[in-house]
Every structure is written in C-alpha cells, then in structure tokens.
Amino acid sequence: MLSFKYTYDKMNTIDYQEDDIIYALATPLAPSALAIIRISGAGCKKLLAPHFSKPSSLIKGKSHTLLHGKILSYSKKETIDEVLLSLFDDKRGYTGEESIEIACHGSLFGIEAIFTLLSQIGFRSAAPGEFTFRAFKHGRLDLTQAEAVMEIVDSHSQKAHSLALSRLEGDLFKRMDYLKKQTLQAMSSIEVQLDYAEDDFSDEVVFPSHIIREVKESLDSLIETYSVGKMYKEGALVVLAGSTNAGKSTLFNLLMKSERSIVSETHGTTRDFIEGHTVIGGIPITIFDTAGLRDSSDAVEMEGIKRSRYLLEKAHVIVLLVDADEAELQMSHHLNIIDDPRCITVYNKSDIALRAIPEGVIAISAKNGQGFGKLEEHILAKIKKDMPIIQTEALIIESKRQHDHLVSASSSLKSALEMGEKALPLDLIAVEVQEALSALGELTGEVTSFDILEQIFSGFCVGK
Ligand SMILES: Nc1nc2c(ncn2[C@@H]2O[C@H](COP(=O)(O)OP(=O)(O)O)[C@@H](O)[C@H]2O)c(=O)[nH]1
Ligand SMILES: [Mg+2]
C-alpha cells in the first residue's frame, strides 16, 4: 500500500499522476452482507466497462444513478460478483472526479477478487485519506470540512456526530471565511493609508480597531469552544471507587446495562479494573470499575488497588460509593478522595438502608436503579463544571490544529490592537494583521504546507 507521504512527494514533482485511478474498500474488511468499494479518477467507467456485464450502460450511465449487473474476471470468462454500481460524473460526487461505488457482497474472497481485477486493469489502491484529499484538492471541501469527515467517522456519540456534521456542512468554513474577509478589509484600510502616507506625508492615520476587535472577539469565542468539542470527541473518564462491597460492580453493570462485572458478597472480588463505555448527555464516557480500596495482604488484590489509585489520578470524575448504613465509617477511610473536587460521594443500597439517609446527599440503589437518573445528572454536571457555557446551537471546534491557528490569529490581532492603542506606526501593525491572516488561511487550508496536509490526511482510514 502506498503511504501518503509517497503520494505527496509524487505530487510535488511532475510525476504525480493525479489522474491515477484509485480504489479502496470504504467499509470494514470483515465478512458482512454488503461491502462498498470506492473508485475515483477520470476514465474509470470506460476502463471498468469491459469487465462489467452491461458495458455500454456503464459508459453512458448518468451521474447519481444506480446500475445493477455483474463484475467479470479479467478474462471475462467468470462472474466475480453481482453488484450495484453508483455512478458519479466529473465535478460531482465526493472527490469531484469521475467515480464509481461498487456495492458488492461482503465476502472477503469476493472483495479480494474485485481488488485483483481493479489492479489488473490499471487502478491503484488508495492511500489513507486519499479520496478526501482529492475532494480537498478539487475544492469540494476546505480543510476544516476535510477534518470534519474524519471527525464524523470517529464520533462516538450522537452529539459529537452532529457537531462534526455541521462543520462538514461548512458552518465553520463560512464563519472563517467571514472573519478572513473582515481581517482583509482591515488590512486593506491599513495598506491604503500606508500608500497614501508615502505620497502625502500625512500623519493622520486611522487604525481600523473596531473591525479587528470584532474579529478577535469572534475568534476568542470559537477558541473557548475547544474544551467542549474535545470533551464530546474524546469523552470523559469516570472511575468508580470505594470500599469493598459498597456496590461498585453492581453500579457498573447498571451503567453498562449488562452484567459485565462480577457482583458478589465476598469482599475483594473485583481485582483487575474493568472498563466499559457509555454515553451520558451526549458525552462518550469510559467507566472503570475498580478494586475496592482497603488494606490487603493479598498480592493480586494489592496490585489491583495500585491500579485503582492510578486510575483515580487520571479520572475526570470519581464516584465514591459508600454503603448507606456504613457511610461515616467508609467515608472516614477515603477522606483524601472526598476532598478532591472531582469526587461525587454517593450513598448506595438505599433500598435496604436501616439508618436514615441524611438530607441532601446523593442516594441510589445500584440494585434496583433508584436515584440513577440523578446520579447521571451529577456526573454530567461535574464533567461540565469547568467547561464554558455554550449555546446549544453554537459552532464548536474539536481539532487541536484549528484551535492552535485560532489562538495564533487571535494573539496577532491582540498585538495589533495594543500597538494601535500606543499609536505605533501602521506598517508595524500591518505585519501583525498579516500574521493573523496567514493563520486563518492555514486553518482553512489555503496556505498549508504538504507536511501538514500529509499529517492530516494520513490520520484518515483507507477508503475515506
Ligand atoms: N440491596 C442492595 N444490595 C446491593 C446494592 N448494591 C450492591 N448490592 C449487593 O452488595 C454486594 C456487593 O456488591 P458489589 O457490586 O460486588 O460490590 P463491590 O465490591 O463494591 O464491587 C452484592 O451482594 C450486591 O448484590 C444495592 O443497591 N442494594
Ligand atoms: Mg466489585
């Protein structure tokens, strides 16, 4: 398989065959009912036609239509598979090139056989992200949209998915485009004055601070959304901790909605930690059920406790579970955890508690689910505690690359504003405004080096 680096190197030289026809499996390589093989490049219909049961229908086939038929072997003597082709013309479809999507049966043997045929007729297998790269090259997508494609593929919750989708639809691109135009307007107003000053020796300069301030504020509010976007993308780590038999494994199973962890009256049952995944309030959550924290002479249990402590360090939220009837005693063993701002103390076994549960504490029954909704709300509130409050409809970013360019643009504009206030010469200010423009241009991919492009696209899966 070609690496993307190779592709880019080729592209940098005259050698690059941008009109190479590329192919890749767009669905996972695993036995399944259907699989989709993507093909892109000028002339692909004509080259595939002799190996398709209805060659002229394929050649004449209109964009965005389906064609049912059979893929034939290179010798045309055998049928490889019965397929459905989706056809796209040049400048249409995902890559902006003539392309075909073959929906075939998801047999590994069949897929391999089609791949062999495609190589035999001169197509080459695509590098990771190469389809999206071509879409980017042909101006079908800007860089923020290309990244959104990957973000959609990687999303683990409905919220992360819909945020990425809005970026793919160009919301971020449009916002950036507007801010760039505003910055450019400020830049030209500075430049005009610089030219004018040369002729006229006029020293009455007008620094377009209002535009620059407005752009900077917009950039800053986008920058602020990064921590939120990152949370929706990467999710949060929640660790269940507490004494043995507090009911951590029972709660874990409740959160997982399945009997994943062994629940037992025997103290010290959970030794290794168990990891599970769920979604709370649109945020993907990784939950760890851990070994109960107690002094033990058992080497395996001690190792488990050591791992529990390690996880506690990394957690975004610690749920400290205590048995309602033994709450004070158990809490006295975990004072260091209770004092931690990430900790939520939860009284468990509310269903059988003999003692009155104090007002205001969070009480649940991990066994029958009582209080579970409230607990989820508390977990969510803890996760969001340090996150800025953002309107539900707001545009949110999750890419570190985009974040860093926004920060750099904003800091250049900040310098420009400060220099403006000190009435420093306009040509010095122009340099800062120009820097901001370049950072914004890099963000959308207008002025991005091949190294950066390689880094971005090679993170994609093959077939995207
Ligand atoms: N009645 C009742 N029993 C519970 C509850 N949560 C856990 N248990 C019981 O307490 C025992 C210890 O539970 P487990 O989840 O293994 O505790 P862990 O050691 O903290 O993981 C088991 O017998 C559970 O059935 C609860 O909310 N109510
Ligand atoms: Mg347990």
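Here, residues in each chain are numbered from 1, in the same order as that chain's written sequence. Lettering of chains starts at A and numbering of ligands starts at 1, both following the order in which they are written. pLDDT decides what is reported in this predicted model: residues at 70 or higher carry local features, side-chain atom pairs at 80 or more are listed and counted, and totals for whole chains, interfaces and linings draw on all residues regardless. Only hydrogens and water are set aside; all other atoms, that is, all heavy atoms of the structure, feed into the side-chain values.

What about the site of ligand 1?
Next up, step 1: Here, proximity means that at least one heavy atom of the residue falls within 4 Å of the molecule or strand. In the neighbourhood of ligand 1, 18 residues make up the surrounding shell, with N245, K248, S249, T250 and D351 lying closest.
Next up, step 2: As used in this structure description, the phrase polar contact means that two N or O atoms lie within 3.5 Å; if the pair is within protein, one of them must be able to donate a hydrogen and the other to accept it, and residues adjacent in sequence are counted only when both atoms belong to side chains. Within the backbone of G247, one N or O atom sits 2.9 Å away from an oxygen atom of ligand 1.
Next up, step 3: Accessible surface area values rest on a Shrake-Rupley calculation with a 1.4 Å probe, where residue burial reflects the displayed protein chains alone. Relative to its free-state accessible area of 580 Å², ligand 1 is covered by the protein chains to the extent of 90%.
Next up, step 4: The way it works is that DSSP assigns letters per residue, a run of H or I at least four long becomes a helix, a run of E at least two long becomes a strand, and they are numbered from the N terminus. Per element, the largest residue contribution to the shell around ligand 1 is 3 residues, and it comes from helix α11 (residues 248-256).
Next up, step 5: When residues are grouped by polarity, Ala, Val, Leu, Ile, Met, Phe, Trp, Tyr, Cys and Pro land in nonpolar, Asp, Glu, Lys and Arg in charged, and all others, Gly among them, in polar. Classifying every residue of the shell around ligand 1 gives 4 nonpolar, 9 polar and 5 charged.

A look at unusual backbone geometry
Next up, step 1: At K91, a residue that is not glycine, the phi angle is positive and equals roughly 70°.
Next up, step 2: The cut-offs for exposure are 20% and 50% of the maximum accessible area for each residue type, with area from a 1.4 Å probe on protein chains only; residues under the lower value are buried, those over the upper are exposed, and the others partly exposed. By relative accessible area, which is 61% here, K91 ends up exposed.
Next up, step 3: Residues other than glycine seldom take positive phi values, yet K349 does so here, at roughly 70°.
Next up, step 4: Tracing the chain through its elements places K349 in the loop between β11 (343-348) and β12 (362-363).

Things to note about the sheet that holds β11
Consider a sheet: its strands pair through backbone hydrogen bonds, and that pairing is either parallel or antiparallel.
Next up, step 1: Read from one edge of the open sheet, 6 strands run β8-β9-β7-β10-β11-β12, paired in mixed fashion. The sheet terminates laterally at β8 (274-280) and β12, the two strands that pair on one side only.
Next up, step 2: Paired strands are those between which DSSP finds at least two bridges. The sheet contact formed by strand β10 (residues 317-323) and β11 spans 6 bridges and is parallel. Of the residues in β11, the one forming a bridge with L320 is T345.
Next up, step 3: Here, two residues are considered to be in contact whenever any of their heavy atoms come within 4.5 Å of each other. Lines fitted to the C-alpha atoms define the axes, with helices restricted to the stretch that makes contact. Angles between their N-to-C directions range from 0 to 180 degrees. Docked against the sheet, helix α12 (residues 299-314) engages β7 (236-242), β9 (283-289) and β10, running at close to 135° with respect to β7.

Things to note about the domain arrangement of the chain
Next up, step 1: Segmentation of the chain into domains returns domain 1 (4-141), domain 2 (154-225 + 394-445) and domain 3 (237-384).
Next up, step 2: The start and end points of each domain follow an automatic or database-based domain assignment. The C-alpha-based centres of domain 1 and domain 3 are spaced at 51 Å.

What about helix α6 (residues 143-154)?
Next up, step 1: A helix is expected to span 1.5 Å multiplied by its residue count minus one. Relative to the 16 Å expected for 12 residues at 1.5 Å per residue, α6 spans 17 Å between its end C-alpha atoms, a close match to the ideal helical length.
Next up, step 2: Most of α6 is tucked away, with 10 of its 12 residues classed as buried.
Next up, step 3: Regarding α6, the residues found buried are L143, T144, Q145, A146, E147, A148, V149, M150, E151 and I152.

Examining the side chain of S365
Next up, step 1: Inspection of the secondary structure puts S365 in the loop between β12 and α15 (372-384).
Next up, step 2: Of the polar contacts made by the side chain of S365, one reaches the side chain of D351; its length is 3.2 Å.
Next up, step 3: For S365, the residues in contact, after removing those within four places along its chain, are N348, K349, S350, D351 and Q370.

Some thoughts on the nonpolar core
Next up, step 1: Counting 32 residues, the largest nonpolar core has L251 and I283 as its most contacted members.
Next up, step 2: Those elements that provide at least two residues to this core are α7 (158-168), α10 (226-234), β7, α11, β9, β10, β11 and α15.
Next up, step 3: In terms of residues, this core owes the most to one element, α15, which gives 5 residues.
Next up, step 4: Viewed by domain, this core spans two of them, domain 2 (154-225 + 394-445) and domain 3 (237-384), each represented by three or more residues.
Next up, step 5: Once you skip the residues sitting within four places of it in the chain, I283 turns out to touch M231, Y232, G235, A236, T278, L380, I383, K384 and M387. Take the buried Ala, Val, Leu, Ile, Met, Phe, Trp, Tyr and Cys residues and link them wherever side-chain atoms come within 4.5 Å; each set so joined is a nonpolar core.

Some details on the packing of helix α9 (residues 209-224) against helix α16 (residues 400-421)
Each pair of packed helices can be described by the angle between their axes along with the distance between the axes.
Next up, step 1: Two elements in contact, α9 and α16, have axes separated by 9 Å at closest approach and are oriented at 150°. For the element pair α9 / α16, the angle class is roughly antiparallel. As for the relative orientation of α9 and α16, their crossing is left-handed in sense. Facing α9, whose interface residues are S209, I212, R213, V215, K216, L219, D220, L222 and I223, α16 presents H403, L406, V407, A409, S410, L413, K414, L417 and E421.
Next up, step 2: Grouping the constituent residues of the contact of α9 with α16 by class yields 10 nonpolar, 3 polar and 5 charged. For classification, angles of less than 35 degrees are called roughly parallel, those exceeding 145 degrees roughly antiparallel, those between 65 and 115 degrees roughly perpendicular, and all remaining angles oblique. In this scheme, a crossing is called left-handed if the near helix is turned counterclockwise away from the far one by less than a right angle; it is called right-handed if the turn is clockwise.

Focus on the pairing of strand β4 (residues 79-88)
Next up, step 1: Note that strand β3 (residues 65-72) and β4 share 8 bridges and pair antiparallel. Across the sheet, residue G69 finds its bridge partner in β4, namely V83.
Next up, step 2: Here 5 bridges tie β4 to strand β5 (residues 99-106), and the two strands are oriented antiparallel to one another. When the bridges of β5 are listed, L85 appears paired with I102.

Quick notes on the pairing of strand β2 (residues 32-40)
Next up, step 1: Bridge count for strand β1 (residues 22-25) against β2 is 4 bridges, and the pairing is antiparallel. By the bridge assignment for β2, L25 is matched with I37.
Next up, step 2: The hairpin formed by β1 and β2 contains 6 residues between the paired strands.
Next up, step 3: For β2 and β5, the ladder comprises 8 bridges, and the chain directions are antiparallel. Of the residues in β5, the one forming a bridge with A35 is C104.

Description of the pattern of salt bridges
Next up, step 1: What makes a salt bridge here is a side-chain nitrogen of Lys or Arg within 4 Å of a carboxyl oxygen of Asp or Glu, nothing more. Under the definition given, this model contains 22 salt bridges.
Next up, step 2: Of the charged contacts, one joins E421 and R213 as a salt bridge, the two residues approaching to 3.9 Å between their closest N and O atoms. Separated by 208 residues along the polypeptide, E421 in helix α16 and R213 in helix α9 bring together distant segments of the chain.
Next up, step 3: By relative accessible area, which is 36% here, R213 ends up partly exposed.
Next up, step 4: A single network of salt bridges, built from pairs that share partners, joins D20, R124 and E130.

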